[in-house]
Amino acid sequence: MGSRVVGSTTAGGRLFRELFTFGSDSLTHWFPSHMAKSFKKMQAQMKKVDLVVEIHDARIPFTGRNEMMREALSIKPHLLVLNKKDLCDMSKAQAVKTRLLEEEGIKNVLYTNCVKQHSDTAKKVIPKIEKILKEEARFNRSEEHHYTIMVTGVPNVGKSSLINAMRRLNIKKGKAARVGKMPGVTRSVMNRILVSASPPMWLLDTPGILTPYVKDVETGMNLAVCGTLLDYMVGDEIIADYLLYTLNQYNKLKYCKVYDLDGPCDDIFVFLAHIAKKEQKTIRVKTYQGSMSVRWNINSAAVKFIRDFRDGQLGTLTLL
Ligand SMILES: Nc1nc2c(ncn2[C@@H]2O[C@H](COP(=O)(O)OP(=O)(O)OP(=O)(O)O)[C@@H](O)[C@H]2O)c(=O)[nH]1
Ligand SMILES: [Mg+2]
């Protein structure tokens, strides 16, 4: 992995850092054995599958999708679902769709929000799948009257949530797939889950699979900010620093109001110390002399900043 990301100099006329530097190369390889096993299993299941629904985080439509998986599964009709619509900047949606078509030939794109109370957008998935299968006549198994759909994507983008939302909305059934805040909740390719009675449609939930090598620092950090890598592998303070850098570059300055700052800040330690003071987050540390001393808890402030962003408290963001 390279060591820096180049950004623009100003946002709203203010001067920010031009580069994001990343000290180590340790982020390049994360491919736990369950991912390798699942990938093989998914390839083996392919012949039974009518269409692949690839889910990705709507905040990072152009980074982090698994290229290896894309090639392996491209033999089937494909729908790209950009989930977490509530967290992305929807004013960019048309530009995103145009660029996906022009650069990658992806013509079927749908935005969804799978959080329980707002999951109506998931209703559009089945009609869209039916439409694609009708249009792509060569894939249409006319003798069959039911569909098997494989749901793929990198970790934590909402694959299991989409399956549950579709079940809830179409057949009024409860949760069938486990969901969680941390990546890596689904560990193996699951049995088929019924999500629609008419037409009968079964979905295969799969574990999030990353490419074995994250190709550059920007991709790695974008995945990290969106909670796709395990935070401890990257480091809370590094993720927080990249997030601050990115919010400034995109002129997304709602954080100033949320944390009562007079203006934007580009120094992560000044910024985290401010949050720690505001939230009264302290930590007791042992000094060289052996006595205990109370300090501002920078790490806990970083965790709060990242969590606030992921919960949508700091506004919406789409990284182009
Ligand atoms: N804000 C928001 N959060 C979502 C949405 N969809 C899912 N989530 C949350 O994202 C997290 C991950 O959801 P999962 O459905 O477990 O994701 P997954 O892709 O199955 O994850 P793995 O099985 O770990 O690969 C959970 O905390 C969900 O509640 C959405 O549309 N908006
Ligand atoms: Mg899952």
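Conventions adopted
Residues numbered from 1 in each chain as written. Chains lettered and ligands numbered in written order. Predicted model: local features only at pLDDT ≥ 70, side-chain atom pairs only at ≥ 80, totals over all residues. Heavy atoms only, no water. Salt bridge = Lys/Arg side-chain N within 4 Å of Asp/Glu carboxyl O. Helix = DSSP H or I, 4+ residues; strand = E, 2+ residues; numbered from the N terminus. Buried < 20%, exposed > 50% of the residue type's maximum accessible area, 1.4 Å probe, protein only. Pairing = 2+ DSSP bridges. Axes fitted to C-alpha atoms, helices over the stretch in contact; angles between N-to-C directions. Contact = heavy atoms within 4.5 Å. 1 Å grid on protein atoms, 1.4 Å probe; cavity = no way out; pocket = protein on both sides within 12 Å on 5 of 7 lines; lining within 4 Å. Points joined across faces, edges and corners; volume = space filled by probe spheres on them. Nonpolar A, V, L, I, M, F, W, Y, C, P; charged D, E, K, R; others polar.

**Looking at the pattern of salt bridges**
Inspection of the entire model under this criterion finds 13 salt bridges. Of the charged contacts, one joins Arg-17 and Asp-241 as a salt bridge, the two residues approaching to 3.0 Å between their closest N and O atoms. With Arg-17 in the loop between strand E3 (14–15) and strand E4 (19–21) and Asp-241 in helix H8 (residues 236–249), the pair connects residues that are 224 residues apart, well separated along the chain. Given the relative accessible area of 15%, Asp-241 is considered buried. The shortest N-O distance in the salt bridge between Asp-89 and Lys-92 comes to 3.2 Å. Looking at Lys-92, the relative accessible area reads 25%, which means it is partly exposed. Several salt bridges converge on common partners, so that one network encompasses Arg-17, Asp-241 and Asp-266.

**Brief notes about the sheet that holds strand E10 (residues 201–204)**
Read across the open sheet, the six strands follow the order E7-E6-E5-E8-E10-E9; overall the sheet is mixed. Unpaired on one side and paired on the other, strand E7 (109–112) and strand E9 (192–196) mark the two borders of the sheet. Each strand axis lies, on average, 30 degrees off the axis of its neighbour in the sheet, ignoring direction. Sheet analysis places strand E8 (residues 147–152) next to E10, joined by four bridges and oriented parallel. Note that in E10 the partner of Met-150 across the bridge is Leu-204. Where helix H3 (residues 93–104) meets the sheet, its contacts fall on strand E6 (78–83) and E7, and the angle it forms with E7 comes to roughly 145 degrees. In the packing of helix H5 (residues 159–171) onto the sheet, contacts are made with strand E5 (51–57), E7, E8, E9 and E10, and the angle to E9 comes to roughly 45 degrees.

**Here we look at the layout of surface pockets**
Here the largest pocket is characterised by a volume of approximately 1200 Å³. When grouped by side-chain class, the residues that make up the lining of the largest pocket number 15 nonpolar, 14 polar and 15 charged. One number sums up the size of the second largest pocket: a volume of about 300 Å³. In terms of lining residues, the second largest pocket is bounded by 22 residues, among which Arg-70, Leu-73, Ser-74, Lys-76 and His-78 are the most central. When residues of the lining of the second largest pocket are traced back to their parent elements, those giving at least two are E5 and helix H2 (67–73). Looking at the lining of the second largest pocket, the element that brings in the most residues is E5, giving four residues. Its residues assigned to classes, the lining of the second largest pocket shows nine nonpolar, six polar and seven charged.

Any functional reading would require information that these geometric values do not contain.
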